[in-house]
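Now for the letters of each chain:
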Amino acid sequence: MQIQLPDGSIKDMPEGASAYDVALSIGEGLAKAAIGAKVNGELYDLHRPLPGDCALGIVTAPRLNKKGIPNYRDDESKKDALYLLRHSAAHVMAEAIERLWPETQLAYGPPLDNGFYYDLYLEEPISSDDFVRIEEEMRKIVEEDRAFNRYELATAPGLERLKSEGNKYKIDNAEKAIANGAGVLSWYVTGEVDQNWEDLCQGPHVPRTSAIAAFKVMSVASSHWHGDVTSDRFQRVYGTAFFSQEELDQHLDNLEEAKRRDHRVVGQKLGLFTIDNEAGQGLVLWKPKGAVIRDELQKFIIKHLEQQGYSQVFTPHIGKLDLYRTSGHFPYYQDSQFPPLVDSDLMKSLADEGCTCGDLSARMKDGDIEGYMLKPMNCPHHIRIYASDKHSYRDLPIRIFEFGTVYRWEQSGELGGMTRVRGFTQDDAHLFVTPDQLADEVMGCIELVKIIFRTLGMDDYRVRVGLRDPDSSKFVGDPKDWDQAEEACRSAAKSLGVPFSEEPGEAAFYGPKIDFVVKDVIGREWQLGTVQIDYQLPQRFELEYVGSDNQTHRPIMIHRAPFGSLERFVGLLIEHFNGSFPLWLSPEQVRVLPVSDKFMDYAKEVEARLKQERIRVTLDEGNDRLGGKIKAAEAEKMPYMLVVGGKDAEARTVSIRHRDQGDLGAVPLEDFVTNLLRERDTQALGPISGTVA
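Per-chain numbering applies: the sequence of each chain, read as written, is numbered from 1 onward. Restriction of local features to residues with pLDDT of at least 70 applies here, the model being predicted, together with a cutoff of 80 or more for giving and counting side-chain atom pairs; totals for whole chains, interfaces and linings are based on all residues. Side-chain numbers here rest on the full set of heavy atoms in the structure, without hydrogens or water.

Student: Before we go on, may I ask you to explain the overall build of the chain in this structure?
Tutor: Tallying secondary structure elements over the chain gives 21 helices and 33 strands in all. Counting only C-alpha atoms, the chain reaches 90 × 70 × 65 Å along its principal axes. Categorising residues by exposure relies on relative accessible area from a 1.4 Å probe, with only protein chains included: less than 20% of the type maximum marks a residue as buried, more than 50% marks it as exposed, and the intermediate range marks it as partly exposed. When each of the 693 residues of the chain is scored for burial, the buried share is 51%. The contact definition used throughout considers only heavy atoms, calling two residues in contact when any of these lie within 4.5 Å. For the chain, restricting intrachain contacts to residue pairs at least 6 apart in sequence, the fraction spanning at least 24 positions comes to 69%. Roughly 33000 Å² of accessible area belongs to the chain as shown, and the carbon and sulfur atoms make up 47% of that amount. We score Asp and Glu as negative and Lys and Arg as positive, and we do not count His or the chain ends. Each charge is placed at NZ for Lys, CZ for Arg, CG for Asp and CD for Glu. Here the chain holds 82 positive side-chain charges and 111 negative ones, and the gap between their average locations is 5 Å. The helix and strand labels rest on DSSP assignments: H or I over at least four residues marks a helix, E over at least two residues marks a strand, and numbering proceeds from the N terminus. Where accessible areas are quoted, they stem from the Shrake-Rupley method and a 1.4 Å probe; at the residue level, only the protein chains shown are allowed to cover.

Laid out in structure tokens, this is it:
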């Protein structure tokens, strides 16, 4: 076999060799650190025979620094290593549970981004009181240092074996695998075949249980077979695993910090938004303070959009079904959309004719029945704006944007505060460009994302470039167009100077895309902002412009949304800043605190002076003592508190207290105003030089 290594070199290996054999041929150190492999981009067991000529990468366990924290080579190696580890830990947990409750019937146990779970059927409920017992059994299995061994059976004898064991969930899993083209069924035994615990599984796993250095059972919830609430009810036991106890401890600390920062708690406490069941699940009601943050973000981006030559548009919240039939959003994404709106008289007439709901749905899909729908996307409306006029190549690029509210039908169990909703507003823009303008316009979109991240202090981010898979029929259009678009995305990503990965097969069907993944202050990743190149919708809608050759041509479309959803973005900001927003975003920027009623007149002068400069300021005229007023202002995350007493009134000063830095001393009122405006107008992340005495 000819094995291509990541550096491009070729290594000849005998037939039947494994990734471990390749690693050992390179060096004993690599073989010792190896826990798995990437074979033609697919994760593989370390000791599984390679399929023949292939591209091979070795997945290694990370090295630990002096503090016991792993040093991963890059994000991809971290993802692969943790996948192997957590998939294996899921098996160990399932074995431990079956030891404690032998009547357990296992269903399915995948790894997740932050851990793993196992769905199982067990009449006796598992509670958090049982977690220590489960972990003790898991620890025994890990210490036994048993190997994860794979074996395969042809589908017919494999199914017979499962039927003899009587676990209908495993039979169902096997039948699905066969229906999807599996030629064999695979099992993993933790130890020796017919002697130790085993599970129907596609793999892969780490070589031995001892690789699972640190783990914890996290929670238990209910689920259902196939997600159907009318089917068997499962218990879903969640866990997580890491390569060191220190990494696990850090993860648990981050989870506690995430709870403290939860936007649903902080946002409600600060009075930023509410979600009311009587108004509708998944529909955010912005309160006045939250509306300030949203408005400031919109004004911020509008300024930069206008500088880049964008024009603002407004479109309705609904559109004809035909519009979405043309775009392809209906009926192909029907499950994630609100039901169409059909004329009530027509509905009554159809009902009188005996038309069933199924008939109605089929006729709407076929276009026999017209109606409207809450818009799931803004792009078809923007396309119709472009199509409303004739265009010359001299008119292009045309850049239009909208803060457009769209609606998606999310299942109630998937809703979560502001980050998973049914109605949300996108900072949506669409650019219509010629082929020779494409690269520069993509760069302009990237520059806007950089401005947003820089302003908000989001310096830790990475970029994913979604490319087509040339072997897939999913992607439409001329390969030459794809080549040009992919090169534009690749060049733009390189210009950022941050880590980026190319992901074949992850493009949208209509063109390549660039996604931005931001890491917040406690290390969580959020997918924010996207730039997508689209050849398909201009084709579907037959968009045109007249070129310099006086012939009609098809424009290229760029979809671009740096914030994405304003609801989700603000939810992220609440957690990122823990409610302590930079001055320019803070709903209330200054609270004036008179020491006593004797100095109320001067306090009102201070308030009036700040309002002249459009500073968001309030005056605490309550009867609390000064300490109580300060405590209340700090609880509301007030950036600045101005304490005014007799000396301040006499000297025309204010005594500054900052929410993070405490007492900063007394300064002349006008000096404070000057420096406060500088901090606000430069959109600084914190106090700037000169604000304090």
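Student: How do you make sense of the packing of helix α14 (residues 438-455) against helix α15 (residues 479-495) when you look at a structure like this?
Tutor: When two helices pack together, you describe them by how their axes are tilted relative to each other and by the distance separating the axes. Note on definitions: angles span 0 to 180 degrees between N-to-C directions of axes, and those axes are lines fitted to C-alpha atoms, for helices only across the stretch in contact. Axis separation between α14 and α15 bottoms out at 9 Å; the angle between their running directions is 40°. Note that α14 runs across α15; the crossing there is right-handed. On α15, the residues touching Leu-438, Ala-439, Val-442, Met-443 and Ile-446 of α14 are Gln-484, Ala-485, Ala-488, Ala-492 and Ser-495. Gly counts as polar in this scheme, as do all residues outside two lists: the nonpolar Ala, Val, Leu, Ile, Met, Phe, Trp, Tyr, Cys and Pro, and the charged Asp, Glu, Lys and Arg. Taken together, the residues of the contact of α14 with α15 break down into eight nonpolar, two polar and no charged. If you view the pair so one helix is near and one far, a crossing is left-handed when the near helix is turned anticlockwise from the far one by less than a right angle, and right-handed when it is turned clockwise.

Student: I keep staring at the packing of aromatic side chains and nothing clicks. Help me out?
Tutor: Within a pair of aromatic rings, the relevant descriptors are the distance that separates the centres and the angle that separates the planes. Ring pairs are drawn from Phe, Tyr and Trp, using the six-membered ring of Trp, whenever the two centres fall within 6.5 Å, and their geometry is named by plane angle: stacked under 30 degrees, edge-to-face over 60, tilted for the rest. Evaluated as defined, the whole model comprises 16 aromatic pairs. Through pairs of rings, three or more aromatic residues link up here, namely Tyr-121, Tyr-169, Trp-225 and Phe-234. Look at NZ for Lys and CZ for Arg. If either is within 6 Å of the ring centre and within 35 degrees of the ring normal, a charge sits over the ring. Positioned over the ring face of Tyr-44 is Arg-48, at 4.5 Å from the centre of the ring. It is Arg-161 that lies over the ring of Trp-187; its NZ or CZ is 5.8 Å from the centre.

Student: Before we go on, may I ask you to explain the state of the cysteines in this structure?
Tutor: Here, a disulfide means two cysteine sulfur atoms that sit within 2.5 Å of each other. If you walk through the whole model with that rule in mind, you get zero disulfides. The cysteine Cys-379 is free of any disulfide, with Cys-445 supplying the nearest cysteine sulfur at 15 Å.

Student: So what exactly am I meant to see when it comes to the confidence of the model for the chain here?
Tutor: Low pLDDT marks stretches whose predicted atomic positions should not be read closely. When pLDDT is averaged along the chain, the result is 90, and 95% of the positions lie at 70 or above. By mean pLDDT, helix α12 (residues 357-366) is the weakest element of the chain at 63, and helix α4 (residues 131-143) is the strongest at 97. Each residue carries a pLDDT score, the predictor's own confidence in it, on a scale running from 0 to 100.

Student: Explanation requested: the pairing of strand β32 (residues 653-658) in the structure shown.
Tutor: Across a regular strand the side chains alternate sides, sitting on one face of the sheet and then on the other. The buried fraction of β32 is high, at five of six residues. Strand pairing is assigned whenever DSSP identifies at least 2 bridges connecting the two strands. Bridging between strand β31 (residues 640-644) and β32 involves four bridges; their strand directions are antiparallel. The residue bridging Met-641 from the neighbouring strand is Arg-657, located in β32. For β32 and strand β33 (residues 662-668), the ladder comprises six bridges, and the chain directions are antiparallel. Within the sheet, the bridge partner assigned to Ser-655 lies in β33 and is Ala-666. Between β32 and the antiparallel strand that follows it, β33, lie three residues.

Student: How do you make sense of the sheet that holds strand β1 (residues 2-4) when you look at a structure like this?
Tutor: Strand pairing in a sheet relies on backbone hydrogen bonds, with the paired strands running either antiparallel or parallel. Read across the open sheet, the five strands follow the order β2-β1-β5-β3-β4; overall the sheet is mixed. In this open sheet, the two edge strands, each paired with only one partner strand, are β2 (10-12) and β4 (42-44). Going across the sheet, the axis of each strand differs from the next one's by a mean of 35°, ignoring polarity. Pairing between β1 and β2: three bridges, direction antiparallel.

Student: Would you mind showing me how to read the packing of helix α9 (residues 288-307) against helix α17 (residues 566-577) here?
Tutor: Relative to each other, α9 and α17 sit at 110°, their axes nearing to 11 Å. As summarised for this structure, α9 and α17 are arranged roughly perpendicular, according to the angle between their axes. Of α17, the residues touching α9 (which contributes Ile-293, Arg-294, Leu-297 and Gln-298) are Leu-566, Glu-567, Phe-569, Val-570 and Leu-573. Orientation categories follow fixed angle ranges, with anything under 35 degrees roughly parallel, anything over 145 roughly antiparallel, 65 to 115 roughly perpendicular, and all other angles oblique.

Student: Where do I start with unusual backbone geometry in this structure?
Tutor: Outside of glycine, negative phi angles account for most residues, and trans bonds account for most peptide bonds. Geometrically, the link from Gly-203 to Pro-204 is a cis peptide bond, its omega value of 0° lying close to zero. Inspection of the secondary structure puts Pro-204 in the loop between β12 (198-200) and β13 (214-224). Residue Pro-397 follows Leu-396 across a cis peptide bond; omega there is 5°. Mapping Pro-397 onto the fold places it in the loop between α13 (379-387) and β20 (398-407). Unusually for a residue other than glycine, Asn-578 sits at a positive phi of about 55°. The topology assignment puts Asn-578 in the loop between α17 and β29 (590-594). The phi torsion at Gln-683 lies on the positive side, around 55°, for a residue other than glycine. Tracing the chain through its elements places Gln-683 in the segment after α21 (669-681).

Student: Just to check I follow, could you spell out helix α6 (residues 168-179) for this structure?
Tutor: What sets the pattern is the α-helix's 3.6 residues per turn: residues three or four places apart point alike. Here α6 is 12 residues long and its end C-alpha atoms lie 16 Å apart, about the 16 Å a rise of 1.5 Å per residue gives. Listed in full, the buried residues belonging to α6 are Tyr-169, Lys-170, Ile-171, Asp-172, Ala-174 and Ala-177. Contacts from the buried residues of α6 go to β8 (105-108), β9 (116-121), α5 (155-165), β11 (184-190), β12 and β14 (233-242). Capping of α6 at its N-terminal end is provided by Asn-167; its side-chain oxygen lies 2.9 Å from the backbone amide nitrogen of Tyr-169. Positioned one or two residues after α6, Gly-181 has a phi angle of 105°, which is positive. One fewer than the residue count of a helix, multiplied by 1.5 Å, yields its expected span. Polar contact criterion, stated in full: a pair of N or O atoms within 3.5 Å, where within protein one must be able to donate a hydrogen and the other to accept it, and residues adjacent in sequence count only if both atoms are side-chain atoms.

Student: Can you walk me through the side chain of His-430 in this structure?
Tutor: By secondary structure assignment, the location of His-430 is in strand β21 (residues 423-433). A polar contact is formed between the side chain of His-430 and the side chain of His-559, at a distance of 3.2 Å. Not counting residues within four places of it along the chain, the set of residues in contact with His-430 comprises Asn-378, Cys-379, His-382, Ile-398, Arg-399, Ile-400, Met-557, Ile-558 and His-559.

Student: How should I be thinking about the environment of Val-667 in this particular structure?
Tutor: Residue position: Val-667 is located in strand β33. Considered as a pair, Val-667 and Arg-652 are 15 residues apart in the sequence and their alpha carbons are 8.6 Å apart.

Student: Which parts of the structure should I look at to understand the environment of Ser-655?
Tutor: Relative to the helices and strands, Ser-655 resides in strand β32. As a C-alpha pair, Ser-655 and Val-667 span 12 residues in sequence and 6.6 Å in three-dimensional space. Apart from residues lying up to four places away in sequence, Ser-655 is in contact with Met-641, Leu-642, Val-643, Asp-648, Gly-665 and Ala-666.

Student: Explain the sheet that holds β11 here, please?
Tutor: Strands sit in the order β10-β11-β12 across an open sheet of three strands; the sheet is antiparallel. Two strands close off the open sheet at either side, each with one partner strand: β10 (148-154) and β12. The mean inter-strand angle of the sheet, taken between neighbouring strand axes irrespective of direction, is 25°. Where β11 lies against β12, three bridges are found, and the strand directions are antiparallel. Paired with Trp-187 across the bridge in β12 is Leu-200. Against the sheet, α6 contacts β11 and β12, and its axis sits at roughly 45° relative to β12.

Student: Could you clarify how one ought to interpret the side chain of Thr-190 in this entry?
Tutor: Of note, Thr-190 is situated in strand β11. If we ignore the near neighbours within four places in the chain, the residues touching Thr-190 are Glu-95, Arg-146, Ala-147, Phe-148, Asn-196, Trp-197 and Thr-209.

Student: Sorry, what's going on with the nonpolar core here?
Tutor: Considering soluble globular proteins, one finds that nonpolar side chains tend to be buried as a cluster. The definition of a nonpolar core used throughout is a set of buried Ala, Val, Leu, Ile, Met, Phe, Trp, Tyr and Cys residues joined through side-chain atoms within 4.5 Å. With 64 residues, the main nonpolar core has Leu-297, Leu-438, Phe-516 and Leu-573 as its most contacted residues. Looking at which element gives the most residues to this core, the answer is α14, with nine residues. Those residues in contact with Leu-573 that sit more than four places away from it in its chain are Leu-297, Leu-456, Met-458, Asn-578, Phe-581 and Leu-585.

Student: Would you explain a nonpolar patch on the surface in this entry?
Tutor: Taken together, the side chains of Ile-318, Leu-341 and Tyr-372 define a hydrophobic patch exposed on the protein surface, amounting to about 250 Å² of accessible area. Within the secondary structure, Ile-318 sits in strand β18 (residues 318-320). Patch criteria: residues need more than 30% relative accessible area and no salt bridge. Like-charged residues are merged within 9 Å; nonpolar side chains of Val, Leu, Ile, Met, Phe, Trp and Tyr are merged within 5 Å. Here, a salt bridge means any side-chain nitrogen of Lys or Arg that lies within 4 Å of a carboxyl oxygen of Asp or Glu.

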